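Single-letter residue listing:
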Amino acid sequence: MTEHKDVVIVGAGPAGVGIAATLRHIGVENFVLIDRYEVGASLQRWPVETRFITPSFFSNPFGQIDLNAVTPDSSPALSSGMEHLDGKTYAGYLREVLDAHAIETLTSTHIVDVSLNRQGRFRLLSANGERWETPVLIWATGEYQFPDMQAFEGADLCCHYCQVNSWKDFKPDNYIVIGGYESAIDAALNLLEQGSQVRLLTRSAPWANYHIQDPSVSLSPYTRQRLKNAMDNPNLEIYENADITSVLKTSNPDSLYRVNTADGRAWCTHQRPILGTGFICGGGACQIAPFFDWGSEGQPLLTEEDCSTRFPGLYLVGPQVRHDQRIFCFIYKFRERFSIVAQAVARQLNIPLLKQVWQVPDDECCKDESCGC
Ligand SMILES: Cc1cc2nc3c(=O)[nH]c(=O)nc-3n(C[C@H](O)[C@H](O)[C@H](O)COP(=O)(O)OP(=O)(O)OC[C@H]3O[C@@H](n4cnc5c(N)ncnc54)[C@H](O)[C@@H]3O)c2cc1C
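Residue indices begin from 1 for each chain and proceed along its sequence in written order. Note on the predicted model: pLDDT of at least 70 is required for a residue's local features to be given, and 80 or more for side-chain atom pairs to be given and counted; whole-chain, interface and lining totals, by contrast, use all residues. Heavy atoms throughout the structure, all of them, feed into the side-chain values; hydrogens and water do not.

1. Considerations on the packing of aromatic side chains
- Each Phe, Tyr or Trp ring, with Trp reduced to its six-membered ring, pairs with another whose centre is within 6.5 Å; inter-plane angles below 30 degrees give stacked pairs, above 60 give edge-to-face pairs, and intermediate values give tilted ones. Tallied over the full model, the rule gives 13 aromatic pairs.
- Ring centres of Phe 330 and Tyr 332 lie 5.9 Å apart, and the angle between their planes is 45 degrees; this geometry places the pair in the tilted category.
- Per-residue accessibility, obtained with a 1.4 Å probe over protein chains only, is compared with the maximum for each type, and a residue is labelled buried under 20%, exposed over 50%, and partly exposed between these values. Residue Phe 330 is classed as buried on the basis of its relative accessible area, which comes to 15%.
- Classification of Tyr 332 as partly exposed rests on a relative accessible area of 22%.
- By way of ring pairs, the aromatic residues Trp 46, Phe 52, Tyr 90 and Tyr 93 are connected into one cluster.
- Two thresholds decide whether a charge sits over a ring: the Lys NZ or Arg CZ must be within 6 Å of the ring centre and within 35 degrees of the ring normal. Over the face of the ring belonging to Tyr 37 we find Arg 45, whose NZ or CZ atom lies 4.3 Å from the ring centre.
- Note that Arg 337 overlies the ring of Phe 328, its terminal NZ or CZ placed 5.2 Å from the centroid.

The structure is reproduced here in structure tokens:
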């Protein structure tokens, strides 16, 4: 049996949940949200010690929507009472958003094939054999579950940040961490906290860049502050300009892994080096690569409305969305695109747009004469 939907959203992370709530808000009824695992699966798989670097604060009634909210009327700070949430708590917030908007969500449903029928509608097939047809497919499969294990020769010998359950599983020892941005610094700091010695090998020193405060290209204040506190720790050694070319396995158990750089330096360790070097370009969009044109930097090419330049009706939401130099890789960035995509979908489905989306809520407080603020 094939189910017919007006819209199918694949991926129930912040992007999929946010666009689902936006569609519901503008009156789209016949749609389903699908995830191969559970709601917020990537966040649930963060190392347990990982915290949001962007702070949450409930200020929505005053027109400043919580930085990590995926709808204008919700707030992870309010729902959790936390400023820097862990992944599991944030996944709980996402479930609350789905409940509040009564959104049909299918979990444990892995989309393994997407094709087109003769009418140009998308046909989806799950690993369980379920089928859907839809004129609008929203692909929200993120990046976290698609680590780049080919970044250099031998990268697959390393332990990627996304393979870590808890830093407590790493017994105090001597570790090499490769990378210089958020996840590498977080890995290094957590290992230091466990009493380990850490050699951090990095191409650049993003913490030294005080001019660019965009966490897409520089260290966030949260991580910068944590790193500053650790800079005097004698167990931390930082090697800059380390352009890693290979990690090779040796036969010597004391120096089992040899990490080589382009300028001829090398470091040895008997523990698997830890990779904080990011995810494959395009992330989960690579699962349906033929449905996109791809740019010179390996990014899926999109119209101004975040639609595939190859297939009208296929939209990309989430951190892989790029327009020129703008990278929408944080929740507060990519949520800006929800209203653009939702309006394009409404037009495609001939749904009259009665409501504005992602409008800053009115300050109800100050409309009340008794308000003393
Ligand atoms: C350590 C770390 C810290 C971060 N801190 C912050 C922060 O402080 N602030 C911030 O804004 N951002 C932060 N980010 C980035 C943020 O987490 C991501 O941008 C965000 O999770 C992306 O949301 P998403 O919904 O696009 O992807 P995901 O959260 O990865 O969700 C994608 C979903 O798609 C599902 N899926 C994938 N393929 C299929 C398929 N074929 N069929 C069905 N389902 C599928 C997955 O199971 C998953 O649930 C951080 C990221 C990391 C790694």
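2. Thoughts on the sheet that holds strand β9 (residues 159-160)
- With parallel pairing, five strands are arranged side by side in an open sheet as β9-β16-β10-β11-β12. Because the sheet does not close on itself, it has two edges, and the strands there are β9 and β12 (236-239).
- Strands pair, by our definition, only if DSSP identifies at least two bridges between them. For the purposes of this entry, the term helix denotes a DSSP run of H or I that reaches at least four residues, the term strand denotes a run of E that reaches at least two, and both are numbered from the N terminus. Both strand β10 (residues 174-178) and strand β16 (residues 274-275) contribute to a ladder of two bridges, which runs parallel. Residue pairing across strands places Val 177 opposite Ile 274, the latter belonging to β16.

3. A short note on the domain arrangement of the chain
- In this entry, domain limits derive from an automatic or database-based domain assignment. What the domain assignment reports for the chain is domain 1 (2-145 + 280-367) and domain 2 (155-269).
- Contacts are assigned to residue pairs that have any heavy atoms within 4.5 Å of one another. Each partner contributes residues to the interface: domain 1 has 16 residues there, and domain 2 has 16 residues.
- Taken over both partners, the interface formed by domain 1 and domain 2 buries close to 1200 Å², and the fraction arising from carbon and sulfur atoms is 58%.
- Once two parts are put together, the accessible area they lose, assessed with a 1.4 Å probe and summed over both, is termed the buried area. If you sort the residues of domain 1 by the area they bury against domain 2, Pro 47, Glu 49 and Ile 53 come out on top, with a joint share of 44%.
- Note on definitions: salt bridges are taken to be side-chain nitrogens of Lys or Arg within 4 Å of carboxyl oxygens of Asp or Glu. Along the contact surface separating domain 1 from domain 2 lie one salt bridge.
- For Lys 168, the salt bridge goes to Glu 49, with nearest N and O atoms at 3.9 Å.
- The term polar contact refers here to a pair of N or O atoms within 3.5 Å; inside protein, the definition further demands a hydrogen-donor-capable atom paired with an acceptor-capable atom, and it admits residues adjacent in sequence only when both atoms are side-chain atoms. Inspection of the domain 1/domain 2 interface yields four residue pairs in polar contact (both at pLDDT 80 or more).
- Gly is placed with the polar residues, together with every amino acid not listed as nonpolar (Ala, Val, Leu, Ile, Met, Phe, Trp, Tyr, Cys and Pro) or charged (Asp, Glu, Lys and Arg). By residue class, the composition of the side of domain 1 that touches domain 2 is 10 nonpolar, two polar and four charged.

4. Topic: the pattern of salt bridges
- All told, the structure shown has 13 salt bridges when counted by the stated rule.
- In this structure, Glu 29 and Arg 24 form a salt bridge, with 3.4 Å as the shortest nitrogen-oxygen distance.
- Owing to a relative accessible area of 18%, Arg 24 belongs among the buried residues under this scheme.
- Ionic pairing is found between Asp 173 and Lys 171, a salt bridge with its closest N-O pair at 3.5 Å.
- Taking the relative accessible area as the measure of exposure, Asp 173 reaches 17% and is therefore buried.
- Residues joined in a network through salt bridges with shared partners are Glu 3, Lys 5 and Glu 104.

5. Focus on the site of the ligand
- Around the ligand, a shell composed of 33 residues is seen, among which Asp 35, Ser 42, Ile 53, Thr 54 and Ile 331 lie nearest.
- Take Asp 35: an N or O atom from its side chain is 2.6 Å from an oxygen atom of the ligand.
- In the model, an oxygen atom of the ligand is placed 2.6 Å from a nitrogen or oxygen of the Ile 53 main chain.
- Throughout, the Shrake-Rupley method with a 1.4 Å probe supplies accessible areas, and for residues the shown protein chains are the sole cover considered. Taken by itself the ligand offers 990 Å² of open surface, and the protein chains cover 93% of this.
- Class assignment of the residues belonging to the shell around the ligand gives a composition of 18 nonpolar, 13 polar and two charged. The cutoff for a nearby residue is simple: one of its non-hydrogen atoms must lie within 4 Å of the molecule or strand.

6. As for the sheet that holds strand β17 (residues 314-316)
- Strand order in this open sheet of five strands is β4-β3-β2-β8-β17, and the pairing throughout is parallel. Of all strands in the sheet, those with a lone pairing partner are β4 (105-106) and β17, marking the two edges.
- Of the pairings in the sheet, the one linking strand β2 (residues 7-10) to strand β8 (residues 136-139) comprises four bridges and is parallel in character. Paired with Val 8 across the two strands is Leu 137, which belongs to β8.

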